[in-house]
Amino acid sequence: MDVNIILSIIGALISLVAVLIIYNARRIVRERFGIGDQNSGAITLKIIGAILFCIGMVIMLFNLR
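Quick caveat: nothing in here was measured; it's all calculated off a predicted structure.

Q: What should I look at first to understand the overall build of the chain in this one?
A: Looking only at helices and strands, one finds three helices and zero strands in the chain. The linear arrangement of helices and strands in the chain, starting from the amino end, is α-α-α. Relative to the compact-globule value of 11 Å for 65 residues, the chain shows a C-alpha radius of gyration of 14 Å, a clear excess of over 25%. A buried classification covers 22% of the 65 residues belonging to the chain. Contacts in the chain between residues at least 24 apart in sequence constitute 62% of all its contacts with a sequence separation of at least 6. Carbon and sulfur atoms form 70% of the exposed surface of the chain, whose accessible area is close to 4,800 Å².

If you want it as structure tokens, here you go:
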């Protein structure tokens, strides 16, 4: 298999996980972590998800060229 295809799939999976983290941030904070303030935990997870999404898209962008 070509390395570009593998890296594009990895980038797509990273982006998919990031979107799921952003979408379910409040539920993840409530179920997984014992953080008293759910708003700050959800915002932190959304920021992490946005960064992961950007990383996944950059990986895919550079592999399409």
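Q: What's the story with the environment of V29 in this structure? I'm lost.
A: Turning to its location among the elements, V29 is positioned in helix α2 (residues 25-32). Ignoring sequence-local partners within four residues, the contact set of V29 consists of Q38, G41, A42 and L45.

Q: What should I look at first to understand a positive patch on the surface in this one?
A: Together, R26, R27, R30 and K46 make up a positively charged patch on the protein surface. In terms of residue count, the dominant contributor to the positive patch is α2 (three residues). Mapped onto the elements, K46 comes out in helix α3 (residues 38-64).

Q: I'm lost on the side chain of S15 in this one. Help?
A: Among the structural elements, S15 can be located in helix α1 (residues 3-23). Not counting residues up to four positions away in its chain, the partners in contact with S15 are F53, G56 and M57.

Q: Looking at this structure, I do not really get the environment of L20. What am I missing?
A: Along the polypeptide, L20 turns up in helix α1. For the pair formed by L20 and G49, sequence separation is 29 residues and the distance between their alpha carbons is 8.1 Å.

Quick notes on the rules
Residues numbered from 1 in each chain as written. Predicted model: local features only at pLDDT ≥ 70, side-chain atom pairs only at ≥ 80, totals over all residues. Heavy atoms only, no water. Helix = DSSP H or I, 4+ residues; strand = E, 2+ residues; numbered from the N terminus. Rg over C-alpha atoms; globule rule 2.2 N^0.38 Å. Buried < 20%, exposed > 50% of the residue type's maximum accessible area, 1.4 Å probe, protein only. Contact = heavy atoms within 4.5 Å. Areas by Shrake-Rupley, 256 points an atom, 1.4 Å probe, with all protein chains shown as cover. Patch = residues over 30% accessible without salt bridge, like charges linked within 9 Å, V, L, I, M, F, W, Y side chains within 5 Å. Salt bridge = Lys/Arg side-chain N within 4 Å of Asp/Glu carboxyl O. Lys, Arg positive; Asp, Glu negative; His and termini not counted. Charge placed at Lys NZ, Arg CZ, Asp CG, Glu CD.

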